[in-house]
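Survey of secondary and tertiary structure
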Amino acid sequence: VWRRVDIWWSDERYVPRAHREGNERQASEALLDALDLDPTRVHPMPAADGPDGPDVDAAAARYAALLAEAAPGGALVPTFDVLLLGLGAEGHIASIFPESPAAHDDRPVVGVHGCPKPPPNRLTMGFASLCAARAVWFLVAGQDKAGAVAMSLAAAGRVQVPAAGAIGRHETLWLIDEAAASALPKGLRRR
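Overview of the structure. (Residues numbered from 1 in each chain as written. Predicted model: local features only at pLDDT ≥ 70, side-chain atom pairs only at ≥ 80, totals over all residues. Heavy atoms only, no water.)

The three strands are arranged β2-β6-β5 in an open sheet whose pairing can be described as antiparallel. Strands at the two margins of the open sheet, each flanked by one partner only, are β2 (11–13) and β5 (109–112). On average, each strand axis in the sheet is tilted by 15 degrees relative to the strand beside it, whichever way the strands run. Pairing geometry for β5 and strand β6 (residues 122–125), over four bridges, is antiparallel. Bridge pairing in β6 places V109 opposite M125. Lying over the sheet, helix α2 (residues 56–70) contacts β5 and β6, oriented at roughly 165 degrees with respect to β5. (Pairing = 2+ DSSP bridges. Helix = DSSP H or I, 4+ residues; strand = E, 2+ residues; numbered from the N terminus. Axes fitted to C-alpha atoms, helices over the stretch in contact; angles between N-to-C directions. Contact = heavy atoms within 4.5 Å.)

Structure follows, in structure tokens:
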């Protein structure tokens, strides 16, 4: 079954391919290396030591072209079955931070400059890609995320709380621990 699965990255720190902080390396070490995946179906984002060198915007355009190539019927991006996202304490998802230019950007892939967390340059899927998933699943743990969870589920705007803007076409599922749920109204807490 795993050989028929396509893996795409929602974001990546714009560092050299083998850098210890790269999402590709971390995902490979944590899970992907243990799965029987078809390597032609694993689509990491370009790295800073790739063909675009230090040009994060060119790398974003390259990944957007790869997404468009995989999309049916002239769509900009494929329809993803599941998009799995984490959540930052301030409400960021992928590499889209509150009030950042990327939070206003509707392109499929965006080059991020001046990120508030190191490294400063990153690649991220924009909302056009993030909202192309049938299901968006958030996996969130910790008390420090409670405020961001509550604001996201209270329908904050995506510029103020980017997590509020990632909505699946058929389902948006929040998988959160009790600490992350602690700021939710009692009626929204389920076990």
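Core analysis: the biggest nonpolar cluster contains 48 residues, and Y63, L67, L87, I93, M125 and F138 have the highest contact counts within it. Element by element, the count of residues in this core is highest for α2, at six residues. Once residues within four sequence positions are removed from consideration, M125 is found in contact with W8, W9, S10, M45, Y63, L67, F80, I96, P108, V109 and L130. (Core = buried A, V, L, I, M, F, W, Y, C linked by side-chain atoms within 4.5 Å. Buried < 20%, exposed > 50% of the residue type's maximum accessible area, 1.4 Å probe, protein only.)

Here we come to the pattern of salt bridges. Inspection of every chain in the model, using the stated rule, returns nine salt bridges. Measuring nitrogen to oxygen at the nearest pair gives 2.4 Å for the salt bridge that ties R17 to E24. When the shortest N-O distance is used, the salt bridge between R158 and D106 registers 2.7 Å. Of this pair, R158 sits in the loop between α5 (146–153) and β8 (171–176) while D106 sits in the loop between α3 (101–104) and β5, and the two are 52 residues apart along the sequence. (Salt bridge = Lys/Arg side-chain N within 4 Å of Asp/Glu carboxyl O.)

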